[in-house]
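# Summary of structural features
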Amino acid sequence: MPDVAVAATWLGHATILFDSPKGRRVIIDPWLDNPSCPSDCKDVGKIDLVLVTHGHSDHIEDAPALAKRTGATVIGNFEVCQWLGMKGVEKTSPMNKGGSQDQAGIRVSMVHALHSSSYDDAGSIVYLGEAGGYVLRFENGLSVYCAGDTALFGDMALIKDLYAPAIAFLPIGDLFTMGPEAAARAVDLLGVRQVVPIHYGTFPALTGTVDRFRRLVEPKGVRVLELKPGVKTEIRA
Ligand code: NI
Ligand code: MN
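Residues numbered from 1 in each chain as written. Chains lettered and ligands numbered in written order. Predicted model: local features only at pLDDT ≥ 70, side-chain atom pairs only at ≥ 80, totals over all residues. Heavy atoms only, no water.

### Side note on the coordination of the nickel ion (ligand 1)
Ideal geometry at a metal gives 109.5 degrees between four tetrahedral donors and either 90 or 180 degrees between six octahedral ones. Condition: Metal donors were taken as nitrogen, oxygen and sulfur atoms no farther than 2.8 Å from the ion, or 3.2 Å where the ion is Na, K or Ca. Water is excluded, so coordination may look unfinished. In this scheme the shape depends on donor count and angles: four donors with every angle between 85 and 135 degrees give tetrahedral, four or six donors with opposite pairs above 155 degrees and others between 65 and 115 give square planar or octahedral in turn, and any other case is irregular. Per the convention used, a helix needs a DSSP run of H or I reaching at least four residues, while a strand needs a run of E reaching at least two, with both numbered from the N terminus.
Looking at the nickel ion (ligand 1), the protein donor atoms are His 54 (NE2), His 56 (ND1), His 115 (NE2) and Asp 149 (OD), and they sit 2.2 to 2.3 Å from it. Around the nickel ion (ligand 1) sit four donor atoms; with metal-centred angles ranging over 90 to 176 degrees, the donor geometry is irregular. Taken in chain order, the donor set of the nickel ion (ligand 1) reads H-x1-H-x58-H-x33-D. The distance between the nickel ion (ligand 1) and the manganese ion (ligand 2) comes to 3.3 Å, with Asp 149 serving as a donor to both metals. Residue His 115 is located in the loop between β7 (106–112) and β8 (118–121), and its partner Asp 149 is located in the loop between β11 (143–146) and α4 (156–163); the two are separated by 34 residues in the primary sequence.

### A word on the sheet that holds strand β3 (residues 25–28)
Counted only if it meets this: Any two strands are treated as partners once DSSP identifies two or more bridges connecting them. Axes here mean lines fitted to C-alpha atoms, for a helix over just the part in contact, with angles spanning 0 to 180 degrees between N-to-C directions.
In space, the six strands of this open sheet follow the order β5-β4-β3-β2-β1-β15, with mixed pairing throughout. A single partner strand is all that each edge strand has here, and the edge strands are β5 (73–75) and β15 (232–235). The average angle at which neighbouring strand axes cross in this sheet is 25 degrees, direction not considered. Bridging between strand β1 (residues 6–10) and β15 involves four bridges; their strand directions are antiparallel. The residue of β15 that forms the bridge with Ala 7 is Glu 234.

### Focus: the side chain of His 13
Note the cut-off: Under the scheme applied here, a residue whose accessible area is under 20% of the maximum for its type counts as buried, over 50% as exposed, and between as partly exposed, the area being computed with a 1.4 Å probe on protein chains only. The term polar contact refers here to a pair of N or O atoms within 3.5 Å; inside protein, the definition further demands a hydrogen-donor-capable atom paired with an acceptor-capable atom, and it admits residues adjacent in sequence only when both atoms are side-chain atoms. What makes two residues a contact is simply this: any of their non-hydrogen atoms within 4.5 Å.
By the secondary structure assignment, His 13 is in the loop between β1 and β2 (16–19). For His 13, a relative accessible area of 1% puts it in the buried group. In this structure the side chain of His 13 is engaged in a polar contact, spanning 2.6 Å, whose partner is the side chain of Asp 58. Those residues in contact with His 13 that sit more than four places away from it in its chain are Trp 31, Asn 34, Ser 36, Asp 58, His 59, Ile 198, His 199, Thr 202, Phe 203 and Leu 206.

### Let's talk about the pattern of salt bridges
Applied cut-off: Any Lys or Arg side-chain nitrogen found within 4 Å of a carboxyl oxygen on Asp or Glu counts as a salt bridge.
As enumerated under the stated definition, the model contains 16 salt bridges in all. Measuring nitrogen to oxygen at the nearest pair gives 3.9 Å for the salt bridge that ties Lys 232 to Asp 19. Taken together, the positions of Lys 232 in strand β15 and Asp 19 in strand β2 put the pair 213 residues apart, joining distant regions of the chain. Judged by relative accessible area, which is 54%, Lys 232 ranks as exposed. Across the salt bridge formed by Lys 46 and Asp 48, the nearest N and O atoms sit 3.1 Å from each other. Several salt bridges converge on common partners, so that one network encompasses Arg 214, Glu 218, Glu 226 and Lys 228.

### Focus on the nonpolar core
The line we're drawing: By nonpolar core is meant a set of buried Ala, Val, Leu, Ile, Met, Phe, Trp, Tyr and Cys residues that side-chain atoms within 4.5 Å join together.
The biggest cluster of nonpolar side chains holds 53 residues, and the ones touching the most others in it are Phe 18, Leu 136, Tyr 145, Phe 169, Leu 170 and Ile 235. The greatest single-element share of this core, amounting to five residues, is contributed by helix α5 (residues 180–190). The residues touching Leu 136, leaving out its near neighbours within four places in the chain, are Phe 18, Val 26, Ile 28, Leu 51, Ile 106, Arg 107, Val 108, Leu 142, Ser 143 and Val 144. In this structure, Ile 27, Cys 41, Ile 47 and Trp 83 belong to the second largest nonpolar core, which totals 22 residues.

### Regarding the packing of aromatic side chains
Keep this limit in mind: Paired rings are identified among Phe, Tyr and Trp, the last through its six-membered ring, by centres lying within 6.5 Å, and are further divided according to the angle between planes into stacked (under 30 degrees), edge-to-face (over 60) and tilted (the rest).
Evaluated as defined, the whole model comprises five aromatic pairs. Relative to Phe 203, the ring of Trp 31 lies with its centre 6.1 Å away and its plane at 35 degrees, an arrangement referred to as tilted. Here Phe 203 lies in the loop between β13 (194–198) and α6 (210–217) and Trp 31 lies in the loop between β3 and β4 (49–51), a separation of 172 residues in the sequence. Given the relative accessible area of 36%, Phe 203 is considered partly exposed.

Below is the structure:
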């Protein structure tokens, strides 16, 4: 196919919108009221696929409304999809770690994450299965790892072996996820040469910075793509 790139738009925190080479639109962990999301980006328009890494509100908050408005299919773990169904979402495609599925021409693989997953549903803590991450393989073959919220884990080396991602979206904010030091080790395990930091700067409590992360990985020849919220950026292998 012609050389049409994948475009990524970071909408702040862990919300990432991908435009695929064939015009499919995939949003991960939609939370559009996050403090970093520009006000003119909260209406994301057409969406084909919504991916949810886990049940925490800063990752799932807008999934029900977005799915209902756009008719998008939502992918999440079994419990997340059950819960979304109870919230009136009609099209879900549940999966679990280790599995892959093709949706809208994009290969979606669910991988491990080391984190928790629940939702405060009107005052009750609802368990929503295990947190996960995703590897997306777009129509042009580009493989992208979106880690979700996670600590560092050694089996990221297996994600490299199985899926060979060219680019990783990694949390660096610390406190609830990896900070810059652990994320730099993740870059080593994943073997990626390009990395997009996410899940930082949203609140003062997330203290990990891109500058710190850069100082750790750039000397190894790794390119840090510092996306500005709301700015669509082409990503390539
Ligand atoms: Ni979380
Ligand atoms: Mn989070």
